[in-house]
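Structural characterization, general
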Amino acid sequence: MSGRILISNARVVDPAGGRDGAGAIAIDAGRIAFVASGDKADPRLRDFTAERTLDAQGAVVIPGLVDLVARLGEPGHEHAGLLESELAAAVAGGVTSLVCPPDTDPVLDEPGLVEMLKSRARGLNLARLYPLGALTKGLAGEALAEMAELTEAGCIGFSQADIAVKDTLVLHRAMQYAATFDYAVWLRPNDAWLGNGVAAKGPLATRMGLSGVPVLAETIALATIFELMRDTGVRVHLTRMSSAAGLELVRRAKAERLPVTCDVSIHQLHLIDVDIGYFDSAMRLVPPLRQQRDRDAIRAALADGTIDALVSDHTPVGEDAKHLPFAEAEPGATGLELLLSAALKWGESSGLGLARTLAAVTSGPASVLRASSPSLGEGASGLVDGAVADLCMFAPDEAWTVSGETLVSRSKLTPFSGYELPGRVRCTLVAGAVAYDAIR
Amino acid sequence: MFVRRNPQLNKNDELIHLLSIEGLPQSILTHILDTAGTFLSVNERDVKKVPLLRGKSVFNLFFENSTRTRTTFEIAAKRLSADVINLDIARSSTAKGESLLDTIANLSAMHADMFVVRHGESGAPYLIAQHCAPHVHVVNAGDGRHSHPTQGLLDMYTIRHYKKDFTKLTVAIVGDIVHSRVARSDIHALTTLGAPEIRAVGPKTLVSGDLKEMGVRVCHDMAEGVKGADVIIMLRLQNERMGGAMLPSAGEYFKTFGLDAEKLALAAPDAIVKHPGPINRGVEIDSSVVDGTQSVILPQVTFGIAVRMAVMSIIAGNSA
């Protein structure tokens, strides 16, 4: 069990409170006892006898990262990832809480399956797992899933993952039902018919002879979702935005005070269609990589708060599934261990300062999580006295190279392979216990 | 991670694979056309062979059916004295679940020197070129909608034969360009060789505005598209287009974008009419035009063999 730990000589950054300065953090029985500022000798430090001291010299300490979209491979895709390997990858990346979508195999529409998943994850003492339940049974878009039972089993919201509900009547009713109990619905805005294609529609896809997904697929889906929200009052979190036009619609919906939030993946934040190069299947992703102006809009929206969270979109894929012609390759990439660095890399060019940059992966997603599930309990609570001690210590001035050797995840495939990225995680604590230690 | 350098060229910028016309400099295209010219005379001799590829094994890997293209490659390889093996992929181990790369690895182990590949997915030959042994060469015989470089080269050979100077030509490409690898290859070749005006002609469902970024003028009116053209390239219309809600019927297509004598009269008086084949008479092109004096559809066949001989002999002579 975790005892009394002192993290000393730290630069403590708390995006929620705006704190950024020298300090120390005292942990007792798995919770934050207090956070001391470094510029005056805090009397509480004298009275705190630590059993263990973690020296954070040269490092930044932040609340553990919260990742709103991370697939774990289980159940159904165990050849690509297991709970053990992927939750270990999470803490190696400083992620202490993550949300997994329901498109497992079998689908997360059975309370028993959700309980099993939560219990297995708890037993591993790695990152905290918050599953999304299926909105419809089997994600088939026809019959409603047992949302109350699934919530009781531990689901924090309801989602269709990447499978759009074609029938607007069913979608309307699903939202009405969810709104009855104040459950949140998480949707990726993508029209079922226009949204099929392996690349983003545009001059590049035309030149390369690849089927393209037009921006229309996202904007039409958003228009439908917002209309249904106005009618039902349901809370919606939009996952994995991809276009400038889509973000403009979100901006207007937020101005109208609709209960909507959204996120974007590390891939859309950094890469564009041209990065497909000579049909590199590592770039086969959902949503597809769009154009320069979309990436510019995404960066601006993350900076101005239109986008609430940056996500890893972690999707373990086996190598065989990528060694295929572009259109046949399985979409997805490993990402949990890249989330922090991806945020820092964006922060370098955005000029926003460390606290604001890191809000995208800490307080931003934590707010979304808590809004989705007000009775969340522990986890994703930030650097508050009495909160569980979920923390990430990282060296902002150290870089690391993304490769098969450095990645902990079972799946080593990412478009960032070979990139040197900023920020190396030194250690990660969950409930006051060291879940990851780089030195080990 | 994929190499960003053009995988078709070695360190000395020599051609080692032919995957796409895009990215190849004018000098390489011209070299291929000139070499094809020398091979034309071989095809007229009694003993139609030269020993350039003697002892080499050329494997035809056709994942998509094509008797015509495969036969031309086979003839071309045999005239270069190569050993040719045709792989019937539908009945092969791929149908039994073997992955594309495992198939390639197994064939490489049988000492294949060259793969001629036709595949239904854009980009497949790039994957093969990236994973086969360094001394093995890959020729793309058509990948999905992306590229059909030997067809593009043979189209250029034909145009050069009749028109001589690319820099004075107006070329109209008519039909289902969005789904056509031949059209894309033709467009890249024509822009590289300096054709000043290239028009993409067809309805909006088959000719997208995005094409203008490839250097063409998009026209949605047939009369406007062929007016004053020196070369008209007609593309085949596939039946799937009606099924996919892109066109209502073959009859309406013929009325609006088919090439008949009346439309042909709007082009330059000495305009030539091309079609990569197979032809759908009465759908994209009227019989009277196919059989008329301005059609150069048949002579293309001999040119096709010579162009493929040129491509294979050039790449076989360059090392990775």
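Structure shown above.
My aim in this report is to walk through the structure given alongside it, one point at a time. (Residues numbered from 1 in each chain as written. Chains lettered and ligands numbered in written order. Predicted model: local features only at pLDDT ≥ 70, side-chain atom pairs only at ≥ 80, totals over all residues.)

A few points about the overall build of chain B
The cut-off we apply is this: Numbering of helices and strands runs from the N terminus; a helix is a DSSP stretch of H or I covering at least four residues, while a strand is a stretch of E covering at least two. Radius of gyration: over C-alpha atoms. The globule rule applied is 2.2 Å multiplied by the number of residues raised to the 0.38 power.
When its secondary structure is counted, chain B shows 12 helices and 9 strands. For a compact globule of 320 residues, the expected C-alpha radius of gyration is about 20 Å, and chain B comes in at 19 Å, within 12% of that figure. Counting only C-alpha atoms and orienting by the principal axes, one finds that chain B spans roughly 55 × 45 × 40 Å.

Describing the overall build of chain A
As a reminder of what qualifies: Around each residue's C-beta, the other C-beta atoms within 10 Å are counted; 20 or more make the residue buried, 12 or fewer make it exposed, and counts in between make it partly exposed. All C-beta atoms are placed from the backbone. Here the contact rule is simple: place C-beta atoms from the backbone, and any two residues whose C-beta atoms are within 7 Å are in contact.
If you tally the helices and strands in chain A, you get 13 helices and 19 strands. Over its C-alpha atoms chain A spans a radius of gyration of 21 Å, differing by no more than 12% from the 22 Å that the globule rule assigns to 440 residues. C-alpha atoms of chain A, sized along the principal axes, occupy 65 × 50 × 45 Å. Residue burial in chain A is summarised as follows: out of 440 residues, 57% are buried. When contacts within chain A are restricted to residue pairs at least 6 apart in sequence, long-range pairs at least 24 apart make up 74% of them.

Overview of the sheet that holds strand 9 (residues 133-134) of chain A
Adjacent strands of a sheet form backbone hydrogen bonds with each other and so pair up, either parallel or antiparallel. Residue and element names in this part refer to chain A. To keep things clear, this is the line we draw: Between any two strands, pairing holds if DSSP finds at least two bridges.
With parallel pairing, 6 strands are arranged side by side in an open sheet as 9-10-11-14-15-16. Edge positions in the sheet fall to strand 9 and strand 16 (309-311), since each of these pairs with one other strand and no more. Here strand 9 runs beside strand 10 (residues 158-159); their pairing, made up of 2 bridges, is parallel. Looking across to strand 10, one finds that Ala134 is bridged to Ser159.

Section: the environment of Gly17(A)
Position of Gly17(A) among the secondary structure elements: in the loop between strand 1 (4-14) and strand 2 (19-28). Judged by local crowding, Gly17(A) falls into the partly exposed class, with 14 C-beta atoms found within 10 Å.

Comments concerning the packing of helix 5 (residues 168-180) of chain A against helix 7 (residues 216-232) of chain A
All names here are of chain A. The following threshold applies: Each axis is a line fitted through C-alpha atoms, taken for helices only over the stretch in contact, and angles between the N-to-C directions span 0 to 180 degrees. Here the angle decides the label: under 35 degrees means roughly parallel, over 145 means roughly antiparallel, 65 to 115 means roughly perpendicular, and every other value means oblique. By convention the crossing between two helices is left-handed if the near helix lies anticlockwise of the far one by an angle smaller than a right angle, and right-handed if it lies clockwise. In this classification, the charged set is Asp, Glu, Lys and Arg, the nonpolar set is Ala, Val, Leu, Ile, Met, Phe, Trp, Tyr, Cys and Pro, and all remaining amino acids, among them Gly, are polar.
Helix 7 packs onto helix 5 with a crossing angle of 45° between their chain directions and a minimal axis gap of 10 Å. In terms of their interaxial angle, helix 5 and helix 7 are classed as oblique. Both helix 5 and helix 7 take part in a crossing whose hand is right-handed. Contact residues: helix 5 offers Thr168, Leu171, His172, Met175, Gln176 and Ala179, while helix 7 offers Thr224, Leu228 and Thr232. Its residues assigned to classes, the contact of helix 5 with helix 7 shows 4 nonpolar, 5 polar and no charged.

Quick look at the sheet that holds strand 8 (residues 128-131) of chain A
All names here are of chain A. The strand order 6-7-8 describes an open sheet built from 3 strands, whose pairing is parallel. Bordering the open sheet on either side are strand 6 (65-67) and strand 8, each of which pairs with just one other strand. Neighbouring strand axes in the sheet, compared pairwise and without regard to direction, differ in orientation by 15° on average. Direction of pairing for strand 6 relative to strand 7 (residues 95-100): parallel, over a ladder of 3 bridges. If you follow Asp67 over to strand 7, its bridge partner there is Leu98.

Considering helix 13 (residues 363-372) of chain A
Burial of helix 13 of chain A is extensive: 7 of the 10 residues sit out of reach of the surface. Buried residues of helix 13 of chain A: Ser363(A), Gly364(A), Pro365(A), Ala366(A), Val368(A), Leu369(A) and Ser372(A), and no others.

Details of the environment of Phe181(A)
Residue and element names in this part refer to chain A. Here Phe181 shows up in the loop between helix 5 and strand 11 (184-187). Linking Phe181 and Leu210, residues 29 residues apart in sequence, is a C-alpha distance of 43 Å. Once residues lying within four places of it in the same chain are set aside, the contact partners of Phe181 are Met147 and Ala148.

Some points on the pairing of strand 7 of chain A
All names here are of chain A. Heads up, the rule is: The handedness rule is simple: strands pointing away from the viewer, and a clockwise path from the first strand over the helix to the second, make the crossover right-handed.
Judged by how many residues are buried, strand 7 sits mostly within the fold: 6 of 6 residues are covered. Of the crossover connections in this fold, the one passing from strand 6 over helix 2 (residues 83-92) to the parallel strand 7 is right-handed. Looking at chain direction, strand 7 and strand 8 are connected through 4 bridges and run parallel. Along strand 8, the bridge assignment pairs Leu98 with Leu129.

Structural notes on the pairing of strand 5 (residues 60-63) of chain A
Note: strand 1 of chain A against strand 5 of chain A, 2 bridges, orientation parallel. Along strand 5 of chain A, the bridge assignment pairs Arg11(A) with Val60(A).

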